[in-house]
Amino acid sequence: MSRGASPSLECRNLYCKCYQLKAIEAEKASFKTSGSTWSIKEILGHLLDSAVNNHQRFVRAQQVDHLSFPGYEQTFWTNSQHYNESSWEELVDLWHLYNRHLAQVIRHIALDALDTTCTIGTSEPVTLGFIVEDYLHHMQHHLSQIYERSAA
Ligand code: NI
């Protein structure tokens, strides 16, 4: 991966996010406005689900010419793992360390592997490079959502 392509995964940046997340009180992190709306813990849990699914894509796509991989049903994933019962601090640590590892994975993807096409679930094929960018945008989107929610 070209250097600097994933600034949001740089160690210092991740550490900073981790610090900001831990500043949110656990009680606030588990607060649900309604049964169907995710709490802050569940949003971070969703980001973990995204991390573990994308981890598989990042690695598997480097081994083949074309990757076909299942999608994941996000509501089922968050509900079935009961993230609201998790310790907030442990959840943040898990998210932090997992992404530190993913930063290493992404850093070592060869440039030509970024062109490998991937079909995820029933979606149109996209390149591995797109999947990496999309992973980072998706993370930023939900982190902003968490910060907004925590400030409310
Ligand atoms: Ni999402």
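To be clear, the structure that these remarks concern was listed above.
Residues numbered from 1 in each chain as written. Predicted model: local features only at pLDDT ≥ 70, side-chain atom pairs only at ≥ 80, totals over all residues.

*Asks:* Just checking my understanding: could you explain the overall build of the protein for this structure?
*Replies:* Per the secondary structure count, the protein includes six helices and three strands. The order of α-helices and β-strands along the protein, N terminus first, is α-α-α-β-α-α-β-β-α. Projected onto its principal axes, the C-alpha positions of the protein cover 45 × 35 × 20 Å. Counting only residues that meet the buried cut, the protein has 23% of its 152 residues in that class. For the protein, the proportion of contacts with a sequence separation of at least 24, taken over those separated by at least 6, is 74%. (Helix = DSSP H or I, 4+ residues; strand = E, 2+ residues; numbered from the N terminus. Buried ≥ 20, exposed ≤ 12 C-beta atoms within 10 Å, placed from the backbone. Contact = placed C-beta atoms within 7 Å.)

*Asks:* Looking at this structure, I do not really get the sheet that holds strand E3 (residues 126-127). What am I missing?
*Replies:* Adjacent strands of a sheet pair through backbone hydrogen bonds, lying either parallel or antiparallel. Strand order across the open sheet formed by three strands is E1-E2-E3, with mixed pairing between neighbours. The open sheet is flanked by strand E1 (66-69) and E3, the only strands paired with a single partner. Bridging between strand E2 (residues 117-120) and E3 involves two bridges; their strand directions are antiparallel. Within the sheet, the bridge partner assigned to Cys118 lies in E3 and is Val126. The strands touched by helix H3 (residues 40-60) within the sheet are E1 and E2, with E1 carrying the most contacts at an inclination of about 155°. (Pairing = 2+ DSSP bridges. Axes fitted to C-alpha atoms, helices over the stretch in contact; angles between N-to-C directions.)

*Asks:* For this particular structure, what's the right way to read the pairing of E2?
*Replies:* Moving residue by residue along a regular strand, the side chains alternate between the two faces of the sheet. Taken together, the four bridges between E1 and E2 define a ladder with parallel strand orientation. Each bridged residue has a counterpart across the sheet, and for His66 the counterpart in E2 is Thr117. Taking the residues between adjacent antiparallel strands as the criterion, E2 and E3 are bridged by five residues, where Gly121 takes a positive phi near 60°.

*Asks:* So what exactly am I meant to see when it comes to unusual backbone geometry here?
*Replies:* Leaving glycine out, the prevailing phi sign among residues is negative, and the prevailing peptide bond configuration is trans. Notably, His82 is not glycine yet its phi reads approximately 50°, a positive angle. Mapped onto the secondary structure, His82 falls in the loop between helix H4 (74-81) and helix H5 (88-107). Using a count of 11 C-beta atoms within 10 Å as the deciding quantity, one classes His82 as exposed.

*Asks:* So what exactly am I meant to see when it comes to the environment of Ala151 here?
*Replies:* By the element assignment, Ala151 lies in helix H6 (residues 128-151). Judged by the 7 C-beta atoms lying within 10 Å of it, Ala151 falls in the exposed class. For Ala151 and Ile24, which are 127 residues apart along the polypeptide, the C-alpha to C-alpha distance reads 9.1 Å.

*Asks:* Looking at this structure, how should I read the packing of H3 against H4?
*Replies:* How two helices pack is summed up by the angle between their axes together with the distance between the axes. Taken N-terminus to C-terminus, the directions of H3 and H4 make an angle of 115°; their axes are 10 Å apart at the nearest point. For the pair H3 and H4, the sense of crossing is right-handed. Of the residues in H4, those touching H3 at Glu42, Gly45, His46 and Asp49 are Gln74, Trp77, Thr78 and Gln81. (Left-handed = near helix turned anticlockwise from the far one by under 90°.)

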